[in-house]
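Listed here are the chains, written in short residue letters.
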Amino acid sequence: MSRCPSSRDSRLRQVLGAASSRERSYQGVAITRSVHDNHFCAVNPCFVAVVTECAGGGSFLVLPIHQTGRVDPQHPRVCGHQGRVLDVKWNPFDDHCVASCSEDCTVRLWDIPAGGVRRSLTQARKTLAGHSRRVGLIEWHPTAENLLLSSAYDYKVLLWDVSQGGAVLRRPIRVLLRPVYQRHPAEALLLSACFSADGSRLALTSRDRRVRVLDPRSGKILQVSRSRSHRANKVLYAGGLKLLLSTGSSPWNQRQVVLWDPEDLSEPVHQEDLDQSSAGVLFPFYDPDTHLLFLRGKGDGSVRCYQLSRSKPHMRFLSECRSPLPHRGLGGVMPKRGLDVSRCEVFRFYRLIAVGDLVQPLSMLVPRKQAGVFHEDPYPPTAGDRAAVTAEEWLRGVDRGPVLVSLRPGTAPPSPRPPAEEDQRRSARIQVEP
(Lines give C-alpha, C1' and ligand atoms only; values in the text may rest on other atoms or scores of the structure.)
Protein backbone atom coordinates (compact mmCIF):
# COMPACT_ATOMS: atom_id res chain seq x y z
CA MET A 1 0.00 0.00 0.00
CA SER A 2 1.25 3.45 -0.86
CA ARG A 3 2.18 5.55 2.11
CA CYS A 4 0.59 8.94 2.69
CA PRO A 5 3.12 11.67 2.01
CA SER A 6 3.78 14.39 4.52
CA SER A 7 3.88 18.04 3.52
CA ARG A 8 7.67 17.87 3.77
CA ASP A 9 8.15 14.89 1.51
CA SER A 10 11.61 15.58 0.05
CA ARG A 11 11.27 13.44 -3.05
CA LEU A 12 8.64 15.73 -4.61
CA ARG A 13 9.69 19.24 -3.72
CA GLN A 14 9.69 20.12 -7.39
CA VAL A 15 7.94 18.75 -10.49
CA LEU A 16 8.84 20.23 -13.86
CA GLY A 17 6.98 20.04 -17.15
CA ALA A 18 8.94 19.27 -20.34
CA ALA A 19 7.06 19.51 -23.64
CA SER A 20 8.36 17.47 -26.58
CA SER A 21 9.65 19.17 -29.71
CA ARG A 22 7.58 19.13 -32.88
CA GLU A 23 9.82 16.39 -34.28
CA ARG A 24 8.94 14.17 -31.30
CA SER A 25 5.24 15.06 -31.50
CA TYR A 26 2.54 13.99 -33.96
CA GLN A 27 1.94 16.68 -36.56
CA GLY A 28 -0.91 17.09 -39.01
CA VAL A 29 -3.57 15.24 -36.95
CA ALA A 30 -7.09 16.43 -37.80
CA ILE A 31 -8.25 16.71 -34.18
CA THR A 32 -12.00 16.44 -33.61
CA ARG A 33 -13.95 19.66 -33.19
CA SER A 34 -16.52 18.03 -30.92
CA VAL A 35 -17.53 20.11 -27.89
CA HIS A 36 -18.18 17.00 -25.78
CA ASP A 37 -16.31 17.17 -22.44
CA ASN A 38 -14.07 14.16 -23.03
CA HIS A 39 -10.36 13.61 -23.53
CA PHE A 40 -10.48 12.45 -27.20
CA CYS A 41 -7.12 10.70 -26.75
CA ALA A 42 -5.85 7.51 -25.11
CA VAL A 43 -2.36 6.02 -24.95
CA ASN A 44 -0.51 2.94 -23.80
CA PRO A 45 3.14 1.83 -24.18
CA CYS A 46 2.44 0.68 -27.75
CA PHE A 47 -0.03 3.10 -29.34
CA VAL A 48 -1.66 6.52 -29.20
CA ALA A 49 -5.32 6.82 -30.27
CA VAL A 50 -6.76 10.24 -31.21
CA VAL A 51 -10.35 11.02 -32.21
CA THR A 52 -10.28 12.84 -35.55
CA GLU A 53 -12.62 15.02 -37.57
CA CYS A 54 -14.10 13.42 -40.66
CA ALA A 55 -16.97 13.92 -43.08
CA GLY A 56 -19.73 11.41 -42.42
CA GLY A 57 -19.52 8.73 -39.76
CA GLY A 58 -16.82 8.79 -37.10
CA SER A 59 -13.20 7.76 -36.92
CA PHE A 60 -10.08 7.81 -34.80
CA LEU A 61 -6.41 7.50 -35.59
CA VAL A 62 -4.12 4.85 -34.05
CA LEU A 63 -0.36 5.42 -34.33
CA PRO A 64 2.59 3.44 -32.96
CA ILE A 65 3.85 5.36 -29.95
CA HIS A 66 7.32 5.93 -31.46
CA GLN A 67 6.06 6.96 -34.94
CA THR A 68 6.41 10.69 -34.32
CA GLY A 69 6.72 13.52 -36.83
CA ARG A 70 4.31 14.44 -39.58
CA VAL A 71 1.38 12.08 -40.05
CA ASP A 72 0.35 11.18 -43.59
CA PRO A 73 -3.08 12.77 -44.28
CA GLN A 74 -4.11 9.48 -45.91
CA HIS A 75 -3.03 7.38 -42.92
CA PRO A 76 -5.51 4.51 -42.36
CA ARG A 77 -8.06 5.07 -39.61
CA VAL A 78 -10.44 3.09 -37.43
CA CYS A 79 -13.67 4.18 -39.07
CA GLY A 80 -16.44 1.66 -38.43
CA HIS A 81 -18.78 3.96 -36.49
CA GLN A 82 -21.74 5.56 -38.25
CA GLY A 83 -21.65 8.66 -36.03
CA ARG A 84 -19.08 10.91 -34.40
CA VAL A 85 -16.74 9.11 -31.96
CA LEU A 86 -17.04 10.58 -28.44
CA ASP A 87 -14.58 8.56 -26.36
CA VAL A 88 -11.77 6.00 -26.73
CA LYS A 89 -10.15 3.87 -24.02
CA TRP A 90 -7.42 1.22 -24.21
CA ASN A 91 -7.97 -2.08 -22.42
CA PRO A 92 -5.62 -1.86 -19.37
CA PHE A 93 -4.76 -5.56 -19.73
CA ASP A 94 -4.39 -5.77 -23.52
CA ASP A 95 -2.32 -3.14 -25.32
CA HIS A 96 -3.81 -4.18 -28.67
CA CYS A 97 -7.49 -3.79 -27.74
CA VAL A 98 -9.23 -0.40 -27.76
CA ALA A 99 -12.86 0.48 -27.06
CA SER A 100 -14.73 3.39 -28.63
CA CYS A 101 -18.20 4.86 -28.21
CA SER A 102 -20.16 7.01 -30.60
CA GLU A 103 -23.22 9.02 -31.46
CA ASP A 104 -24.43 5.93 -33.38
CA CYS A 105 -25.54 4.46 -29.99
CA THR A 106 -22.92 1.68 -29.97
CA VAL A 107 -19.72 0.72 -28.19
CA ARG A 108 -17.17 -1.17 -30.29
CA LEU A 109 -14.05 -3.18 -29.53
CA TRP A 110 -11.16 -3.11 -32.00
CA ASP A 111 -8.09 -5.34 -32.35
CA ILE A 112 -5.03 -3.34 -33.39
CA PRO A 113 -2.26 -5.29 -35.21
CA ALA A 114 1.19 -5.36 -33.63
CA GLY A 115 2.66 -3.12 -36.34
CA GLY A 116 -0.20 -0.63 -36.20
CA VAL A 117 -3.12 0.04 -38.54
CA ARG A 118 -1.94 -0.60 -42.12
CA ARG A 119 -5.37 -0.30 -43.74
CA SER A 120 -8.56 1.31 -42.49
CA LEU A 121 -10.48 -0.82 -40.01
CA THR A 122 -14.22 -0.95 -40.56
CA GLN A 123 -15.13 -4.26 -38.89
CA ALA A 124 -14.98 -4.28 -35.09
CA ARG A 125 -14.22 -7.41 -33.14
CA LYS A 126 -17.40 -6.85 -31.14
CA THR A 127 -20.24 -4.33 -31.26
CA LEU A 128 -22.13 -3.65 -28.03
CA ALA A 129 -25.63 -2.51 -28.84
CA GLY A 130 -27.67 -1.80 -25.72
CA HIS A 131 -28.21 1.95 -25.80
CA SER A 132 -30.89 3.83 -27.70
CA ARG A 133 -29.12 7.21 -27.80
CA ARG A 134 -25.54 8.41 -28.21
CA VAL A 135 -22.97 6.89 -25.88
CA GLY A 136 -20.80 9.56 -24.29
CA LEU A 137 -18.63 7.75 -21.75
CA ILE A 138 -16.82 4.41 -21.36
CA GLU A 139 -14.55 3.10 -18.59
CA TRP A 140 -12.69 -0.19 -18.18
CA HIS A 141 -12.73 -1.93 -14.81
CA PRO A 142 -9.31 -1.38 -13.14
CA THR A 143 -8.70 -4.94 -11.83
CA ALA A 144 -11.18 -7.33 -13.49
CA GLU A 145 -10.52 -8.32 -17.07
CA ASN A 146 -13.10 -7.83 -19.83
CA LEU A 147 -15.47 -5.58 -17.86
CA LEU A 148 -16.46 -2.32 -19.54
CA LEU A 149 -18.86 0.37 -18.31
CA SER A 150 -20.82 2.59 -20.68
CA SER A 151 -23.12 5.56 -20.15
CA ALA A 152 -25.41 7.15 -22.74
CA TYR A 153 -27.98 9.89 -23.28
CA ASP A 154 -30.79 7.36 -22.78
CA TYR A 155 -30.03 7.60 -19.01
CA LYS A 156 -28.65 4.04 -18.94
CA VAL A 157 -25.42 2.94 -17.29
CA LEU A 158 -24.47 -0.56 -18.42
CA LEU A 159 -21.70 -2.92 -17.37
CA TRP A 160 -20.58 -5.32 -20.10
CA ASP A 161 -18.68 -8.59 -19.87
CA VAL A 162 -17.00 -8.48 -23.28
CA SER A 163 -15.40 -11.91 -22.91
CA GLN A 164 -18.65 -13.66 -23.84
CA GLY A 165 -18.32 -15.42 -27.18
CA GLY A 166 -21.88 -14.87 -28.33
CA ALA A 167 -24.37 -12.67 -26.53
CA VAL A 168 -22.63 -10.14 -24.32
CA LEU A 169 -23.67 -9.94 -20.71
CA ARG A 170 -24.83 -6.44 -19.90
CA ARG A 171 -25.78 -5.51 -16.37
CA PRO A 172 -27.83 -2.32 -15.88
CA ILE A 173 -26.54 -0.11 -13.07
CA ARG A 174 -29.34 2.38 -13.65
CA VAL A 175 -31.92 0.30 -11.73
CA LEU A 176 -31.59 2.40 -8.57
CA LEU A 177 -30.40 5.55 -10.34
CA ARG A 178 -33.58 6.24 -12.25
CA PRO A 179 -35.91 6.85 -9.23
CA VAL A 180 -33.59 9.65 -8.09
CA TYR A 181 -34.33 11.56 -11.29
CA GLN A 182 -38.04 10.93 -11.76
CA ARG A 183 -38.85 14.64 -11.89
CA HIS A 184 -35.89 15.66 -14.05
CA PRO A 185 -34.66 12.59 -15.97
CA ALA A 186 -32.18 14.66 -18.00
CA GLU A 187 -30.19 15.13 -14.79
CA ALA A 188 -29.36 11.41 -14.88
CA LEU A 189 -26.86 12.05 -17.66
CA LEU A 190 -23.42 11.20 -16.31
CA LEU A 191 -20.58 13.69 -16.53
CA SER A 192 -17.88 11.34 -15.23
CA ALA A 193 -17.38 7.92 -13.64
CA CYS A 194 -14.46 6.40 -11.76
CA PHE A 195 -13.94 2.99 -10.15
CA SER A 196 -12.14 2.64 -6.83
CA ALA A 197 -8.69 1.01 -6.86
CA ASP A 198 -10.11 -2.51 -6.40
CA GLY A 199 -13.25 -1.85 -8.45
CA SER A 200 -15.64 -2.47 -5.55
CA ARG A 201 -17.11 1.05 -5.68
CA LEU A 202 -18.11 3.43 -8.45
CA ALA A 203 -18.14 7.23 -8.08
CA LEU A 204 -20.32 9.27 -10.43
CA THR A 205 -21.17 12.87 -11.19
CA SER A 206 -24.21 13.83 -13.23
CA ARG A 207 -26.14 16.83 -14.47
CA ASP A 208 -27.53 17.60 -11.01
CA ARG A 209 -23.89 18.33 -10.00
CA ARG A 210 -23.83 15.90 -7.06
CA VAL A 211 -21.28 13.19 -6.29
CA ARG A 212 -22.62 9.66 -5.78
CA VAL A 213 -20.91 6.48 -4.65
CA LEU A 214 -22.50 3.22 -5.80
CA ASP A 215 -22.04 -0.51 -5.52
CA PRO A 216 -21.37 -1.28 -9.23
CA ARG A 217 -22.63 -4.87 -8.91
CA SER A 218 -26.12 -3.95 -7.71
CA GLY A 219 -26.42 -0.27 -8.62
CA LYS A 220 -27.30 0.58 -5.01
CA ILE A 221 -26.49 4.18 -4.09
CA LEU A 222 -24.36 4.25 -0.94
CA GLN A 223 -23.53 7.95 -0.57
CA VAL A 224 -24.77 11.24 -2.06
CA SER A 225 -23.14 14.64 -1.59
CA ARG A 226 -25.34 17.41 -0.20
CA SER A 227 -23.03 20.42 -0.31
CA ARG A 228 -24.61 23.55 -1.76
CA SER A 229 -21.28 25.33 -2.13
CA HIS A 230 -19.88 22.90 -4.73
CA ARG A 231 -21.31 21.92 -8.11
CA ALA A 232 -19.35 18.82 -9.09
CA ASN A 233 -18.36 18.07 -12.67
CA LYS A 234 -15.55 15.48 -12.63
CA VAL A 235 -14.73 12.91 -9.96
CA LEU A 236 -11.95 10.40 -9.23
CA TYR A 237 -10.67 8.22 -6.41
CA ALA A 238 -7.45 9.32 -4.71
CA GLY A 239 -6.03 5.85 -4.26
CA GLY A 240 -3.88 5.23 -1.18
CA LEU A 241 -5.37 8.20 0.67
CA LYS A 242 -8.93 6.90 1.12
CA LEU A 243 -10.25 10.10 -0.39
CA LEU A 244 -12.54 11.04 -3.22
CA LEU A 245 -11.78 14.13 -5.32
CA SER A 246 -14.14 16.21 -7.42
CA THR A 247 -13.67 19.32 -9.51
CA GLY A 248 -16.37 21.80 -10.37
CA SER A 249 -17.46 25.30 -9.46
CA SER A 250 -18.95 27.35 -6.66
CA PRO A 251 -22.28 29.21 -6.90
CA TRP A 252 -20.13 32.24 -7.81
CA ASN A 253 -18.49 30.39 -10.74
CA GLN A 254 -15.12 29.96 -9.06
CA ARG A 255 -13.42 26.74 -10.15
CA GLN A 256 -12.98 24.40 -7.19
CA VAL A 257 -11.29 21.22 -6.03
CA VAL A 258 -13.03 19.32 -3.24
CA LEU A 259 -11.84 16.30 -1.23
CA TRP A 260 -14.39 13.92 0.29
CA ASP A 261 -14.45 10.94 2.61
CA PRO A 262 -15.99 8.30 0.31
CA GLU A 263 -17.76 6.75 3.31
CA ASP A 264 -19.44 10.05 4.25
CA LEU A 265 -20.30 12.66 1.60
CA SER A 266 -22.32 14.85 3.95
CA GLU A 267 -19.53 17.46 4.23
CA PRO A 268 -16.27 17.98 2.29
CA VAL A 269 -12.98 17.11 3.97
CA HIS A 270 -11.33 20.01 2.14
CA GLN A 271 -12.52 22.62 -0.32
CA GLU A 272 -10.26 24.96 -2.28
CA ASP A 273 -11.20 27.73 -4.70
CA LEU A 274 -8.72 28.06 -7.56
CA ASP A 275 -9.77 30.91 -9.82
CA GLN A 276 -12.68 32.60 -11.49
CA SER A 277 -12.05 31.71 -15.09
CA SER A 278 -14.14 31.72 -18.22
CA ALA A 279 -12.31 28.57 -19.34
CA GLY A 280 -14.12 25.27 -19.54
CA VAL A 281 -14.35 22.18 -17.37
CA LEU A 282 -11.53 21.49 -14.93
CA PHE A 283 -10.11 18.00 -15.57
CA PRO A 284 -8.27 16.22 -12.72
CA PHE A 285 -5.55 13.58 -13.19
CA TYR A 286 -4.13 11.65 -10.25
CA ASP A 287 -1.09 9.45 -9.69
CA PRO A 288 -1.76 7.05 -6.76
CA ASP A 289 1.94 6.16 -6.44
CA THR A 290 3.21 9.67 -5.74
CA HIS A 291 -0.13 11.26 -4.71
CA LEU A 292 0.36 13.94 -7.35
CA LEU A 293 -2.70 15.77 -8.67
CA PHE A 294 -2.63 17.51 -12.06
CA LEU A 295 -5.33 19.99 -13.06
CA ARG A 296 -6.04 21.47 -16.45
CA GLY A 297 -9.03 23.39 -17.75
CA LYS A 298 -10.56 22.79 -21.13
CA GLY A 299 -9.19 25.57 -23.31
CA ASP A 300 -6.39 26.39 -20.85
CA GLY A 301 -2.74 26.40 -21.79
CA SER A 302 -1.42 25.45 -18.34
CA VAL A 303 -1.21 22.37 -16.12
CA ARG A 304 -1.09 22.82 -12.35
CA CYS A 305 0.53 20.24 -10.08
CA TYR A 306 -0.35 19.60 -6.42
CA GLN A 307 0.56 16.98 -3.86
CA LEU A 308 -2.30 15.49 -1.87
CA SER A 309 -2.20 14.31 1.72
CA ARG A 310 -4.69 12.77 4.12
CA SER A 311 -3.57 15.22 6.81
CA LYS A 312 -3.57 19.01 6.73
CA PRO A 313 -2.67 20.79 4.53
CA HIS A 314 -4.52 18.42 2.20
CA MET A 315 -3.29 20.10 -1.00
CA ARG A 316 0.19 21.52 -1.52
CA PHE A 317 0.91 23.46 -4.69
CA LEU A 318 4.13 22.33 -6.42
CA SER A 319 4.37 23.89 -9.86
CA GLU A 320 2.58 25.12 -12.97
CA CYS A 321 3.50 24.30 -16.55
CA ARG A 322 2.41 27.09 -18.91
CA SER A 323 1.98 27.10 -22.65
CA PRO A 324 0.87 29.93 -24.97
CA LEU A 325 -1.27 27.50 -26.97
CA PRO A 326 -4.56 26.26 -25.47
CA HIS A 327 -5.16 22.53 -25.59
CA ARG A 328 -8.43 21.01 -26.74
CA GLY A 329 -7.73 17.85 -24.80
CA LEU A 330 -5.21 16.53 -22.29
CA GLY A 331 -6.62 13.08 -21.72
CA GLY A 332 -3.94 10.82 -23.11
CA VAL A 333 -2.10 9.66 -19.99
CA MET A 334 0.66 7.09 -20.35
CA PRO A 335 0.43 4.16 -17.89
CA LYS A 336 3.32 4.12 -15.43
CA ARG A 337 4.86 1.06 -17.11
CA GLY A 338 5.37 3.14 -20.27
CA LEU A 339 7.29 6.02 -18.66
CA ASP A 340 10.99 6.76 -19.06
CA VAL A 341 12.33 6.02 -15.56
CA SER A 342 15.87 7.04 -16.59
CA ARG A 343 14.60 10.65 -16.82
CA CYS A 344 12.65 10.42 -13.54
CA GLU A 345 9.44 10.86 -15.54
CA VAL A 346 6.48 10.43 -13.17
CA PHE A 347 3.63 11.40 -15.52
CA ARG A 348 3.12 11.97 -19.24
CA PHE A 349 0.23 13.71 -20.96
CA TYR A 350 -0.55 13.89 -24.66
CA ARG A 351 -1.84 17.41 -25.39
CA LEU A 352 -4.25 17.93 -28.29
CA ILE A 353 -3.47 21.36 -29.74
CA ALA A 354 -5.98 22.37 -32.39
CA VAL A 355 -3.74 25.23 -33.59
CA GLY A 356 -1.45 23.41 -35.97
CA ASP A 357 -3.16 20.01 -35.57
CA LEU A 358 -0.55 18.84 -33.07
CA VAL A 359 -0.51 16.01 -30.53
CA GLN A 360 2.33 16.88 -28.15
CA PRO A 361 3.71 14.68 -25.33
CA LEU A 362 4.18 16.61 -22.09
CA SER A 363 6.42 14.90 -19.50
CA MET A 364 6.32 15.71 -15.79
CA LEU A 365 9.78 15.16 -14.31
CA VAL A 366 11.18 15.01 -10.78
CA PRO A 367 14.67 16.58 -11.02
CA ARG A 368 17.58 14.39 -9.88
CA LYS A 369 21.29 15.11 -9.92
CA GLN A 370 22.18 11.67 -11.31
CA ALA A 371 20.75 11.25 -14.81
CA GLY A 372 20.16 7.85 -16.39
CA VAL A 373 19.98 6.05 -13.04
CA PHE A 374 16.89 4.33 -11.63
CA HIS A 375 15.73 6.07 -8.45
CA GLU A 376 13.60 4.03 -6.06
CA ASP A 377 11.78 6.84 -4.26
CA PRO A 378 9.55 8.19 -7.12
CA TYR A 379 8.72 4.65 -8.27
CA PRO A 380 7.05 2.41 -5.67
CA PRO A 381 5.43 -0.80 -7.01
CA THR A 382 2.66 0.20 -9.38
CA ALA A 383 -0.29 -1.35 -11.20
CA GLY A 384 0.81 -3.57 -14.07
CA ASP A 385 -0.90 -4.95 -17.17
CA ARG A 386 -2.32 -8.13 -15.61
CA ALA A 387 -5.84 -8.47 -14.23
CA ALA A 388 -6.25 -9.43 -10.59
CA VAL A 389 -9.59 -11.24 -11.10
CA THR A 390 -11.66 -12.56 -13.97
CA ALA A 391 -15.02 -11.03 -14.86
CA GLU A 392 -16.80 -14.08 -13.44
CA GLU A 393 -14.93 -13.84 -10.13
CA TRP A 394 -15.70 -10.15 -9.75
CA LEU A 395 -19.38 -10.63 -10.55
CA ARG A 396 -19.49 -13.30 -7.81
CA GLY A 397 -18.23 -10.74 -5.29
CA VAL A 398 -14.43 -11.17 -5.34
CA ASP A 399 -12.50 -7.91 -4.86
CA ARG A 400 -8.74 -7.62 -5.26
CA GLY A 401 -6.43 -4.65 -5.62
CA PRO A 402 -4.30 -4.23 -8.74
CA VAL A 403 -1.39 -6.57 -9.41
CA LEU A 404 1.68 -4.49 -8.59
CA VAL A 405 4.93 -4.57 -10.54
CA SER A 406 8.33 -2.94 -10.13
CA LEU A 407 9.45 -0.35 -12.68
CA ARG A 408 13.11 -1.19 -12.16
CA PRO A 409 14.50 -2.20 -15.58
CA GLY A 410 14.90 -5.96 -15.95
CA THR A 411 12.41 -6.86 -13.22
CA ALA A 412 10.00 -9.63 -14.21
CA PRO A 413 6.33 -8.82 -13.39
CA PRO A 414 4.59 -11.25 -11.01
CA SER A 415 1.61 -13.33 -12.10
CA PRO A 416 -1.68 -13.01 -10.20
CA ARG A 417 -2.44 -16.70 -10.82
CA PRO A 418 -0.79 -19.98 -9.81
CA PRO A 419 1.99 -21.09 -12.21
CA ALA A 420 0.04 -24.05 -13.55
CA GLU A 421 -3.01 -21.94 -14.37
CA GLU A 422 -0.87 -19.26 -16.00
CA ASP A 423 0.88 -21.89 -18.18
CA GLN A 424 -2.50 -23.23 -19.33
CA ARG A 425 -3.71 -19.72 -20.25
CA ARG A 426 -0.50 -19.00 -22.16
CA SER A 427 -0.72 -22.30 -24.10
CA ALA A 428 -4.35 -21.68 -25.03
CA ARG A 429 -3.56 -18.17 -26.27
CA ILE A 430 -0.67 -19.43 -28.43
CA GLN A 431 -2.89 -22.08 -30.02
CA VAL A 432 -5.55 -19.64 -31.17
CA GLU A 433 -3.18 -16.97 -32.44
CA PRO A 434 -2.46 -17.11 -36.20
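Rules used throughout
- Residues numbered from 1 in each chain as written.
- Predicted model: local features only at pLDDT ≥ 70, side-chain atom pairs only at ≥ 80, totals over all residues.
- Heavy atoms only, no water.
- Helix = DSSP H or I, 4+ residues; strand = E, 2+ residues; numbered from the N terminus.
- Buried < 20%, exposed > 50% of the residue type's maximum accessible area, 1.4 Å probe, protein only.
- Contact = heavy atoms within 4.5 Å.
- Areas by Shrake-Rupley, 256 points an atom, 1.4 Å probe, with all protein chains shown as cover.
- Polar contact = N/O pair within 3.5 Å; in protein donor to acceptor, adjacent residues only side chain to side chain.
- Salt bridge = Lys/Arg side-chain N within 4 Å of Asp/Glu carboxyl O.
- Pairing = 2+ DSSP bridges.
- Axes fitted to C-alpha atoms, helices over the stretch in contact; angles between N-to-C directions.
- pLDDT = per-residue confidence, 0-100.
- Core = buried A, V, L, I, M, F, W, Y, C linked by side-chain atoms within 4.5 Å.

When helices and strands are counted, the chain shows two helices and 32 strands. Taking all 434 residues of the chain together, 54% fall into the buried category. A fraction of 53% describes how many contacts in the chain between residues 6 or more apart in sequence connect residues 24 or more apart. A total accessible area of about 19,200 Å² is found for the chain, and carbon and sulfur atoms account for 48% of it.

Among the structural elements, Ser 102 can be located in strand 9 (residues 97–102). A polar atom in the side chain of Ser 102 sits 2.9 Å from the backbone oxygen of Gly 83. Those residues in contact with Ser 102 that sit more than four places away from it in its chain are His 81, Gly 83, Arg 84, Val 85, Leu 86, Arg 134 and Val 135.

What follows deals with the pattern of salt bridges. Note that side chains of opposite charge can pair when their charged atoms are close. One pass over the full model with this rule turns up 20 salt bridges. In this structure, Glu 53 and Arg 84 form a salt bridge, with 3.2 Å as the shortest nitrogen-oxygen distance. Here the residue Glu 53 occupies a position in the loop between strand 4 (47–52) and strand 5 (58–64), and Arg 84 occupies one in the loop between strand 7 (78–81) and strand 8 (85–90), the gap between them amounting to 31 residues. Note that Arg 337 and Asp 385 form a salt bridge whose closest N and O atoms lie 4.0 Å from each other. In this pair, Arg 337 sits in the loop between strand 28 (329–333) and strand 29 (345–353) while Asp 385 sits in the loop between strand 31 (382–383) and helix 1 (391–395), placing the two residues 48 residues apart along the sequence. Using a relative accessible area of 32% as the deciding quantity, one classes Asp 385 as partly exposed. Because the salt bridges share partners, they merge into one network encompassing Arg 33, Glu 53 and Arg 84.

This part covers the sheet that holds strand 9. Taken together, four strands build an open sheet; the order of strands is 8-9-10-11 and the sheet is antiparallel. Bordering the open sheet on either side are strand 8 and strand 11 (126–128), each of which pairs with just one other strand. On average, each strand axis in the sheet is inclined to that of its neighbour by 20 degrees, with strand direction left out of account. Of the strand pairs in this sheet, strand 10 (residues 107–111) and strand 11 are connected by three bridges, and their pairing is antiparallel. The residue of strand 11 that forms the bridge with Val 107 is Leu 128.

To continue, consider the confidence of the model for the chain. Looking at the chain as a whole, the pLDDT averages 84, with 85% of positions reaching at least 70. Looking over the chain, one finds the lowest element-wise mean pLDDT in helix 2 (residues 419–432), namely 40, and the highest in strand 9, namely 96. Considering only residues more than four positions removed or in separate chains, one finds that residues 1–8, a stretch of pLDDT under 50, has 19 contacts. This model gives residues 174–184 a pLDDT under 50, and the stretch forms 20 contacts once residues within four places in sequence are excluded.

With respect to the secondary-structure elements, Gly 199 resides in the loop between strand 16 (190–195) and strand 17 (202–206). Using a relative accessible area of 0% as the deciding quantity, one classes Gly 199 as buried. Beyond its immediate chain neighbours, meaning those up to four positions away, Gly 199 contacts His 141, Pro 142, Thr 143, Pro 216 and Trp 394.

What follows concerns the sheet that holds strand 24 (residues 282–287). With respect to topology, four strands assemble into an open sheet ordered 24-25-26-27, the strand pairing being antiparallel. Two strands close off the open sheet at either side, each with one partner strand: strand 24 and strand 27 (315–322). Neighbour-to-neighbour, the strand axes of the sheet open up by a mean angle of 25 degrees, direction not taken into account. Bridge count for strand 25 (residues 292–297) against strand 26 (residues 302–308) is four bridges, and the pairing is antiparallel. Its bridge partner being in strand 26, Leu 293 is matched across the sheet by Tyr 306.

We now examine unusual backbone geometry. With the exception of glycine, most residues fall at negative phi, and the peptide bonds are largely trans. With an omega dihedral of -10 degrees, the bond running from Lys 312 to Pro 313 counts as a cis peptide bond. Inspection of the secondary structure assignment puts Pro 313 in the loop between strand 26 and strand 27. Positive phi, normally seen in glycine, also occurs at Tyr 155, with a value near 70 degrees. With respect to the element layout, Tyr 155 can be found in the loop between strand 13 (147–152) and strand 14 (157–161). Although it is not a glycine, Cys 344 adopts a positive phi angle of roughly 60 degrees. Counting through the fold element by element, Cys 344 comes out in the loop between strand 28 and strand 29. Exposure remark for Cys 344: the relative accessible area of 2% places this residue in the buried category.

Moving on to the pairing of strand 10. Two faces make up the sheet, and in a regular strand the side chains alternate between them. Of all five residues in strand 10, four are buried; the element is thus mostly enclosed. Taken together, the five bridges between strand 9 and strand 10 define a ladder with antiparallel strand orientation. Residue pairing for strand 10: Cys 97 is matched across the bridge by Asp 111.

It is worth spelling out the nonpolar core at this point. The biggest cluster of nonpolar side chains holds 33 residues, and the ones touching the most others in it are Tyr 26, Val 48, Phe 60, Val 62, Ile 112 and Tyr 350. Elements that contribute at least two residues to this core include exactly strand 3 (41–43), strand 4, strand 5, strand 8 and strand 29. If you tally residues by element for this core, the top one is strand 4, at five residues. Not counting residues within four places of it along the chain, the set of residues in contact with Val 48 comprises Tyr 26, Cys 41, Ala 42, Val 43, Leu 61, Val 62, Leu 63, Ile 65 and Tyr 350. Listed in part, the 26 residues of the second largest apolar core include Ala 232, Val 235, Leu 236 and Met 315.

Among the structural elements, Ala 124 can be located in the loop between strand 10 and strand 11. Between the C-alpha atoms of Ala 124 and His 81, which are 43 residues apart in sequence, the distance is 9.2 Å. Setting aside residues up to four positions removed in sequence, Ala 124 forms contacts with Arg 108, Leu 109 and Trp 110.

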